Number of protein chains: 2
Amino acid sequence: MPSLPIHPAGLSQPKFSQLNGFASDFLSHPQPFRPYKVPESDDDVKDDPKVELESKDLWDSFHKFGTEMVITKSGRRMFPPFKVKVSGLDKKAKYILLMDIIAVDDCRYKFHNSKWMVAGKADPEMPKRMYIHPDSPSTGEQWMQKIVSFHKLKLTNNISDKHGFTILNSMHKYQPRFHLVRTDDVLKLPYSPFKSFIFKEMEFIAVTAYQNEKITQLKIDNNPFAKGFRDTGGGKREKK
Amino acid sequence: MPSLPIHPAGLSQPKFSQLNGFASDFLSHPQPFRPYKVPESDDDVKDDPKVELESKDLWDSFHKFGTEMVITKSGRRMFPPFKVKVSGLDKKAKYILLMDIIAVDDCRYKFHNSKWMVAGKADPEMPKRMYIHPDSPSTGEQWMQKIVSFHKLKLTNNISDKHGFTILNSMHKYQPRFHLVRTDDVLKLPYSPFKSFIFKEMEFIAVTAYQNEKITQLKIDNNPFAKGFRDTGGGKREKK
DNA sequence: ATCTTTCCCACCTAGGTGTGAACC
DNA sequence: ATGGTTCACACCTAGGTGGGAAAG
């Protein structure tokens, strides 16, 4: 066997990526997590995680009118993007950061007379996937160093989706959640201490086309990719 | 501590990513690897890795004229991109795949009278970084499933580069190498069995501007991002 | 003078937006 | 008739090309 002199001049941390950062199926059934802190253990006095939602003001301005998120067959990102600042982690410990999206209630909605109203019982929900942040696992120090972004998560209404996108029902209400798990390996996820966070202002209704024009305008005004639809300056379209 | 019901409906494999897939500095000094196969051990009869260079014909057509790779301050990809098909791995074992680029000789070159000639002794080399494939570590099965691409590697001549790009000397000759390490953790890299591969047709001279117009033409004809410079059809430029 | 490097540019690829008509 | 969904599209962001003038 030839033996070349290799000099690894610097090596990075284990991360998640590919498959759009999404999940495969070897742990495809709901599993309970162990509580985050077990008083008897020595391991858990080392951190006290705090999580702050980025662009809270922007989320609030959407939430005020009733946030809508478009879902498409080919997959659509959320806007605003879900980003958090994390602090209070154990710098040396490894963490996996995840998010998922759960149904808020058992209702189907409709937008009638400029208002969202209950329109019956919810359709059956598809099993929800966990979106593991592609940098996972990383040390507490690395997570706290920069803003953690989940903007690559995609939503779809295609129940046959093979990309690993999050499948939602149109005209149903959802709540994103954020999970912080202290572990160095995905395989240990189900048995590792964790903490979960919910930001009420991130609640939204999934739609295939925007219902509330105030929401449409907020998207256009704030999403750089929709700049082409702005009245002012940059865009080429004029309001009539 | 609130304990939300989490259902991880599928979890993916540990990967590398971010920092452009590049290295940080906690293992920043050359280290010897253990030989790939140790006869006394049980662990090593499980695989017999084979590696095949993708687009070998394209590499050959460049190599025939003397491949040149542009290096810039802001970082430049290689073209053709380095891609391999891997086979003969242990499906269940985990591997980390890496590449690096080493100086071929101790010479500085110049392009004179349409030929590359030695023009003196080489300039001092910067320490070379290992580029760890962002999907690392993954199982043999996953690596063999699809073509493994290192196209995101970037070359630079900026000795102060902070991105983790590979720093090369202009007008010097280089040889990319490919390394296959059987391990599930970067931290174990220096002590894990490995195998290295070299493709002679990937040898190149680093330049800040193309010297051989035949190389320029091959790049334009084959790199999709240079389509704008093609004479034929798609492009808008006309040769004069 | 000659050779090499730098910078901005037009021109691409790749892919994220809401639109509005068509479809169901 | 109504309401929800789909699709091609123009218009963006983001970033990978070599050219050519200017600089070193």
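The present account deals with the structure reproduced in this document. All residue numbers refer to positions counted from 1 along the written sequence of the respective chain. As they are written, the chains are lettered A onward and the ligands numbered 1 onward, keeping that order. Local features in this predicted model are restricted to residues whose pLDDT is 70 or higher, and side-chain atom pairs enter the listing and the counts only when it is 80 or higher, whereas totals over whole chains, interfaces and linings include all residues. Side-chain metrics in this entry use all non-hydrogen atoms of the structure; hydrogen atoms and water are not considered.

**Let's talk about the packing of helix α1 (residues 56–65) of chain A against helix α3 (residues 213–222) of chain A**
All names here are of chain A.
(1) Moving on: Where α1 meets α3, the axes come as close as 9 Å, and the angle between the chain directions of the two elements is 160°. Taken together, the axes of α1 and α3 lie roughly antiparallel to each other. Two packed elements cross with a definite hand, and for α1 against α3 that hand is left-handed. Here α1 contributes Leu58, Ser61, Phe62 and Phe65 to the contact with α3, which in turn contributes Lys214, Ile215, Leu218, Lys219 and Asn222.
(2) Moving on: In this classification, the charged set is Asp, Glu, Lys and Arg, the nonpolar set is Ala, Val, Leu, Ile, Met, Phe, Trp, Tyr, Cys and Pro, and all remaining amino acids, among them Gly, are polar. Here the residues of the contact of α1 with α3 sort into 5 nonpolar, 2 polar and 2 charged. Whenever a helix is involved, its axis is fitted only over the stretch in contact; in every case the axis is a line through C-alpha atoms, and angles between N-to-C directions fall within 0 to 180 degrees. Elements are defined by DSSP. Helices are runs of H or I of four residues or more, strands are runs of E of two residues or more, and each kind is numbered from the N terminus. Note on angle classes: values under 35 degrees are labelled roughly parallel, values over 145 roughly antiparallel, values of 65 to 115 roughly perpendicular, and the remainder oblique. Should the near helix be turned anticlockwise from the far one by less than a right angle, the crossing is left-handed, and should it be turned clockwise, the crossing is right-handed. Any two residues whose heavy atoms approach within 4.5 Å at even a single point are treated as in contact.

**Some remarks on the packing of aromatic side chains**
All names here are of chain A.
(1) Moving on: Only Phe, Tyr and Trp rings take part, Trp by its six-membered ring, and two of them pair if their centres are within 6.5 Å. Stacked means planes under 30 degrees apart, edge-to-face means over 60, and tilted covers everything else. Per the counting criterion, the structure on display carries 18 aromatic pairs over all chains.
(2) Moving on: A ring pair is formed by Phe150 and Phe178, whose centres lie 5.8 Å apart and whose planes are at 75°; its orientation type is edge-to-face. Here Phe150, found in the loop between β10 (148–149) and β11 (154–156), pairs with Phe178, found in strand β13 (residues 173–182); they are 28 residues apart in sequence, far enough to count as distant.
(3) Moving on: By relative accessible area, Phe150 is classed as buried at 1%.
(4) Moving on: Ring pairs connect the aromatic residues Phe82, Tyr131, Phe150, Phe178, Phe197 and Phe199, which therefore count as one cluster. The cut-offs for exposure are 20% and 50% of the maximum accessible area for each residue type, with area from a 1.4 Å probe on protein chains only; residues under the lower value are buried, those over the upper are exposed, and the others partly exposed.

**As for the pattern of salt bridges**
Residue and element names in this part refer to chain B.
(1) Moving on: In what follows, salt bridge is the name for a side-chain nitrogen of Lys or Arg lying within 4 Å of a carboxyl oxygen of Asp or Glu. In this structure the tally under the stated criterion is 24 salt bridges over all chains.
(2) Moving on: Linking Lys200 and Glu203 is a salt bridge whose minimum nitrogen-to-oxygen distance equals 3.0 Å.
(3) Moving on: For Glu203, a relative accessible area of 15% corresponds to the buried category.

**Remarks on the sheet that holds β11(A)**
Residue and element names in this part refer to chain A.
(1) Moving on: One open sheet accounts for 3 strands, arranged β3-β11-β12; its pairing is mixed. Either end of the sheet is taken by a strand with one partner, and the two such strands are β3 (76–77) and β12 (166–167).
(2) Moving on: Relative to β12, β11 runs parallel, the two being bridged by 2 bridges. In the sheet register, Thr156 faces β12, and the bridge partner there is Ile167. Any two strands are treated as partners once DSSP identifies two or more bridges connecting them.

**Re the side chain of A:Lys219**
All names here are of chain A.
(1) Moving on: In this structure, Lys219 sits in helix α3.
(2) Moving on: Within this scheme the basic residues Lys and Arg register as positive and the acidic residues Asp and Glu register as negative, but His and the chain ends are omitted. It is Glu68 that comes nearest to the buried, bridge-free Lys219 among opposite-charge side chains, at 7.6 Å.
(3) Moving on: The contacts of Lys219, once residues within four sequence positions are left out, are Phe62, Glu68, Met69, Phe79, Tyr210 and Ala226.

**Some remarks on unusual backbone geometry**
All names here are of chain A.
(1) Moving on: Residue Pro80 follows Phe79 across a cis peptide bond; omega there is 0°.
(2) Moving on: Between Ser136 and Pro137 the backbone carries a cis peptide bond, its omega angle lying at -10°.
(3) Moving on: Inspection of the secondary structure assignment puts Pro137 in the loop between β8 (131–132) and β9 (138–139).
(4) Moving on: Even without a glycine there, the phi angle at Asn113 is positive, about 50°.
(5) Moving on: Mapped onto the elements of the fold, Asn113 is located in the loop between β6 (107–112) and β7 (115–121).
(6) Moving on: Residue classification places Asn113 among the exposed residues on the basis of a relative accessible area of 66%.

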